[in-house]
Amino acid sequence: MTVQELPGAGASHRVTPPPAWRPRTEAAPLLPDPEPYRVLGTEAAAGLDPALMRRYYAELVRGRRYNAQATALTRQGRLAVYPSTVGQEAAEIAAALVLEEQDWLFPSYRDTLAAVARGLDPVQALTLLRGDWHTGYDPREHRIAPLCTPLATQLPHAVGLAHAARLRGDEVVALAMVGDGGTSEGDFHEALNFAAVWQAPVVFLVQNNGFAISVPLAKQTAAPTLAHKAVGYGMPGRLVDGNDVAALHEVLTEAVQRARAGGGPTLIEAVTYRMEAHTNADDATRYRSDAEVEAWKAHDPVELLERELTARGILDETGVQEARAAAEAMAATLRERMNAEPVLDPMDLFAHVYAQQTGRLREQAEQLRAELEAEGDA
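For clarity, every value in this text was computed on a predicted model and none was experimentally measured.

Right, let's talk about a nonpolar patch on the surface for a bit. Among the surface-exposed residues, F194, V197 and W198 lie close enough to one another that they form a single nonpolar patch of about 280 Å² accessible area. Mapped onto the elements of the fold, V197 is located in helix α8 (residues 186-198).

We now examine the pairing of strand β2 (residues 174-179). Taken across its six residues, β2 has five buried, putting it largely inside the fold. Relative to β2, strand β1 (residues 104-106) runs parallel, the two being bridged by three bridges. Pairing of F106 across the sheet is with A176, part of β2. What joins β2 to strand β3 (residues 202-208) is α8, and the crossover it makes is right-handed.

Okay, helix α2 (residues 89-97) next. With nine of nine residues buried, α2 is to be regarded as a mostly interior element. Buried within α2 we find E89, A90, A91, E92, I93, A94, A95, A96 and L97.

Moving on: the packing of helix α1 (residues 50-75) against helix α12 (residues 317-338). Here α1 crosses α12 at 30°, and the two axes come no closer than 9 Å. Viewed along their axes, α1 and α12 adopt a mutual orientation that is roughly parallel. Seen from above, α1 lies across α12 with right-handed handedness. Where α1 approaches α12, its residues Y57, A58, V61, R62, R65, Y66, Q69 and L73 are matched on the opposing element by G319, V320, A323, R324, A327, E328, M330, A331, L334, R335 and M338. For the contact of α1 with α12, the residue count by class is twelve nonpolar, two polar and five charged.

Our next topic: α1. If you check α1, its first and last C-alpha atoms are 38 Å apart, about what 26 residues at 1.5 Å a residue would give, namely 38 Å. By the N-cap criterion, in which a side-chain oxygen at the helix start approaches the backbone nitrogen of a residue two or three places on, α1 is capped by D49, the distance to A51 being 3.1 Å. Remark: G77 follows α1 within two positions and exhibits a positive phi of approximately 80°.

Right, let's talk about the packing of aromatic side chains for a bit. On inspection of all chains with the given rule, the structure shows five aromatic pairs. Considering the side-chain rings of Y66 and Y82, the 6.4 Å spacing of their centres and the 75° angle between planes classify their relative orientation as edge-to-face. Highlighted residues: Y66 in helix α1 and Y82 in the loop between α1 and α2, separated in sequence by 16 residues. Each member of the pair Y66 and Y82 is classed as buried. Both rings, one in F194 and one in W198, keep their centres 4.8 Å apart while their planes meet at 35°; by these two values the pair is tilted. Within this pair, F194 and its partner W198 are both found in helix α8, separated by four residues, close to a single helical turn. Between R238 and the ring centre of Y37, over which it is positioned, the NZ or CZ distance is 6.0 Å.

Reading the values: rules and limits
- Residues numbered from 1 in each chain as written.
- Predicted model: local features only at pLDDT ≥ 70, side-chain atom pairs only at ≥ 80, totals over all residues.
- Heavy atoms only, no water.
- Patch = residues over 30% accessible without salt bridge, like charges linked within 9 Å, V, L, I, M, F, W, Y side chains within 5 Å.
- Areas by Shrake-Rupley, 256 points an atom, 1.4 Å probe, with all protein chains shown as cover.
- Salt bridge = Lys/Arg side-chain N within 4 Å of Asp/Glu carboxyl O.
- Helix = DSSP H or I, 4+ residues; strand = E, 2+ residues; numbered from the N terminus.
- Buried < 20%, exposed > 50% of the residue type's maximum accessible area, 1.4 Å probe, protein only.
- Pairing = 2+ DSSP bridges.
- Right-handed = clockwise from strand over helix to strand, strands pointing away.
- Axes fitted to C-alpha atoms, helices over the stretch in contact; angles between N-to-C directions.
- Parallel < 35°, antiparallel > 145°, perpendicular 65-115°, else oblique.
- Left-handed = near helix turned anticlockwise from the far one by under 90°.
- Contact = heavy atoms within 4.5 Å.
- Nonpolar A, V, L, I, M, F, W, Y, C, P; charged D, E, K, R; others polar.
- Expected span 1.5 Å × (residues − 1).
- Polar contact = N/O pair within 3.5 Å; in protein donor to acceptor, adjacent residues only side chain to side chain.
- Phe/Tyr/Trp six-rings, centres within 6.5 Å; stacked < 30°, edge-to-face > 60°.
- Lys NZ or Arg CZ within 6 Å of the ring centre and 35° of its normal.

Honestly, that's just the spatial picture; any functional story needs more than this.
Right, here's the structure in full:
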C-alpha cells in the first residue's frame, strides 16, 4: 500500500512516492518452485552424464563409509564428537564437486564430508572434532574456511571474501553451507542482505534436515519454505530435493555459474533428512519417531542413485563393488591413522593468537613453560 492508497488520505497527501519506495526487482522470478526440483526418477534422468554420475556414486559410497567410520571413532574415544551426515551425503558431495579450484567452501561443523570431497585429508578434517586444534588444515591452501561450530557465523565471512575477490577482479565464487537451524540466526539474514546489495558471488546452500537439534522446522519459521526467504533480500530462491544428487549438481552448478558471471547470489534449500542423531551426545528418539526415520530411508541418496544408474545401464555390479572396495580402503586408512596418538605441543596454545604476542600472553606462556618443565623434572 502506498501513501496514495492510505484510507482517508486527502488530496494534500496524494504525493508520488520517491523512487526508494519502489521495489528494486520483480518478485516472481525470484520465487522457488512449489515442489523440490528432482531429476532421478523423472524423464530428465535420460540426459544424465554417465561418467559424472559414476563419479558421484563412488563419492556417495565413500561418504557413507566415512560417516560410519567417524561415528565408530567417537564410540572408541578417538573423537570427542561427530555430527553425522548420513542421509545428507548428496548435498555434501555436490557442494564440493561443483566448485572450481579457485573457489572457496565455507562449511559448518557438520560439513566435514564436503571438505573431504573437496580434497581435504580426512584426518585433518576431523582434527577439530578430536579436540587437537581449532583447525587441522591451512584454509588458504585448500580454499576451505575453518569448520564453523557457531551457527551461521561463516556466512558473513563468505560474503566478505566473495565481495573482496570481485573487487580485485578475481573469478572466485564462495559456497556457504548452513543447516536449517542456522537460518534462525542473525548472521544468516545479515549475510543474505549484504550479498544481495553488493551482488556478491556467493551461493548459500541450506541443508534442511528437518531439525535444529531437537527443534522441528515448523517451530523455527512460518515461511512457505526456507528458499522463499531469498525473495525478501532480492535474490533467487531454489528448492531442490536434497537427496537427489543429479538435481543438486544441476541447481548448484547453475547458481555457481550465475555468481561467477556477475549475476549475484542465490539461496538454495536442499530438502533432506538427518538419519542419525544430531551428534553422539544426542538422543533423537526423544523428539522423532522410528517410523519417520524409516520413511526417509526409502529416499536414501545412495540407493536412489544406485537404482537409477543400474536401471539405465550406467552402473553394473563390478562398478558397485569397486566403489565399496575403495570406500573400505579409505576407512581402513582413516582408522589406522586415527588410532595413532597425536603428538601435540602445549605451547602451540600461544602460537597463533596474535601476530605479535602481548605482554600478558608472554607471561602466560612463560608460566606454562615453567609448569611443564617442573612436571618433566618430577
